[in-house]
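# Structural overview
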Amino acid sequence: MQQLHTASAEDTIRLGQKIGYKVAPGDIITLHGSLGSGKTTIVKGIADSLQIADEITSPSYTLIAEYEGRIPLYHMDLYRIDSLEEFELLGAEELLYGSGVSIIEWAEKIEQLLPDNCISITFCIDAAAEREIKIEGIQEVLTL
Ligand SMILES: Nc1ncnc2c1ncn2[C@@H]1O[C@H](COP(=O)(O)OP(=O)(O)O)[C@@H](O)[C@H]1O
Ligand SMILES: [Mg+2]
């Protein structure tokens, strides 16, 4: 487990870039933390390392966005999902076992479906409105 601190969105994007260089096809990254804590922001950095040219936007309405890169990226935002059944109806489960990288905001909503070896990133907004970021399940990333 590694605990890091970022003082700006740019710092969080840079951290995402470092994580992005370490991910492999089939990896699942779960993102946790309140609204506005930085989950979509870190995806921008990870996508950059996957050589995705498209701008990453929050898939809060579409729930899933797929991007082509060095490795395909499936970016999911499950904030609006209320049950496992709803997720299953989306047909997204098979993506988790495919050859892309899945990054899932609010992944705790489908915890029962997820394998044990996910990379987990948890965001906390601290007293200075900066971010404490806890990373589990991946080889240590260099500090910023
Ligand atoms: N250290 C930081 N890391 C990430 N985002 C930050 C940070 N400081 C301020 N922000 C701002 O917080 C917001 C985070 O939004 P977003 O990444 O969409 O959150 P989430 O996806 O968790 O709801 C952005 O407006 C971003 O500019
Ligand atoms: Mg988001």
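Thresholds applied
- Residues numbered from 1 in each chain as written.
- Chains lettered and ligands numbered in written order.
- Predicted model: local features only at pLDDT ≥ 70, side-chain atom pairs only at ≥ 80, totals over all residues.
- Heavy atoms only, no water.
- Salt bridge = Lys/Arg side-chain N within 4 Å of Asp/Glu carboxyl O.
- Helix = DSSP H or I, 4+ residues; strand = E, 2+ residues; numbered from the N terminus.
- Buried < 20%, exposed > 50% of the residue type's maximum accessible area, 1.4 Å probe, protein only.
- Phe/Tyr/Trp six-rings, centres within 6.5 Å; stacked < 30°, edge-to-face > 60°.
- Core = buried A, V, L, I, M, F, W, Y, C linked by side-chain atoms within 4.5 Å.
- Contact = heavy atoms within 4.5 Å.
- Donors = N, O, S within 2.8 Å, 3.2 Å for Na, K, Ca; no water.
- Patch = residues over 30% accessible without salt bridge, like charges linked within 9 Å, V, L, I, M, F, W, Y side chains within 5 Å.
- Areas by Shrake-Rupley, 256 points an atom, 1.4 Å probe, with all protein chains shown as cover.
- Lys, Arg positive; Asp, Glu negative; His and termini not counted.
- Charge placed at Lys NZ, Arg CZ, Asp CG, Glu CD.
- Pairing = 2+ DSSP bridges.
- Axes fitted to C-alpha atoms, helices over the stretch in contact; angles between N-to-C directions.

Inspection of the entire model under this criterion finds one salt bridge. For R14, the salt bridge identified is with D11, shortest N-O distance 2.8 Å. In this pair, R14 and D11 both sit in helix α1 (residues 9-20), three residues apart, roughly one turn of the helix. Judged by its relative accessible area of 43%, R14 falls in the partly exposed class. The class for D11 is buried, based on a relative accessible area of 17%.

A few words now on the packing of aromatic side chains. Two aromatic rings, taken as a pair, are described by how far apart their centres are and by the angle between their planes. Under the defined criterion, the tally for this structure stands at one aromatic pair. A centroid spacing of 5.0 Å and a plane angle of 45 degrees characterise the contact between Y79 and W106, whose relative ring orientation is tilted. Residue Y79 is found in the loop between β4 (73-77) and α3 (84-90), and its partner W106 is found in the loop between β5 (101-105) and β6 (119-125); the two are separated by 27 residues along the sequence. What makes Y79 partly exposed here is its relative accessible area of 36%.

Next up on the list: the nonpolar core. I19, I29, L73 and I121 are the most contacted members of the largest nonpolar core, which totals 25 residues. Elements represented by at least two residues in this core include exactly α1, β2 (28-32), α2 (39-49), β3 (64-67), β5, β6 and β7 (131-136). The element contributing the most residues to this core is α2, with four residues. Those residues in contact with I19 that sit more than four places away from it in its chain are I29, I42, I46, I121, I135, I138 and V141. Membership of the second largest hydrophobic core comes to 19 residues, among which are I81, L84, I104 and I110.

Another point: unusual backbone geometry. With a phi angle near 70 degrees, L63 is a residue other than glycine that sits in the positive phi range. Locating L63 in the fold gives a position in the loop between α2 and β3. With a phi close to 65 degrees, A129 is a non-glycine residue in the positive phi region. Along the chain, A129 falls in the loop between β6 and β7.

For the magnesium ion (ligand 2), the protein coordination sphere consists of T40 (OG1) and E105 (OE), at 2.2 Å. In this pair, T40 is assigned in helix α2 and E105 in strand β5, connecting sequence segments 65 residues apart. You can call T40 buried: its relative accessible area is 18%.

A cluster of acidic side chains, namely D82, E85, E86 and E88, defines a negative patch on the protein surface. By secondary structure assignment, the location of E85 is in helix α3.

With mixed pairing, the seven strands of this open sheet are ordered in space as β1-β7-β6-β2-β5-β4-β3. Looking at strand neighbours, the two that pair on one side only are β1 (2-6) and β3, the edges of this open sheet. Each strand axis lies, on average, 15 degrees off the axis of its neighbour in the sheet, ignoring direction. As paired strands, β2 and β6 are joined by four bridges and run parallel to one another. Across the sheet, L31 pairs through a bridge with I121, a residue of β6.

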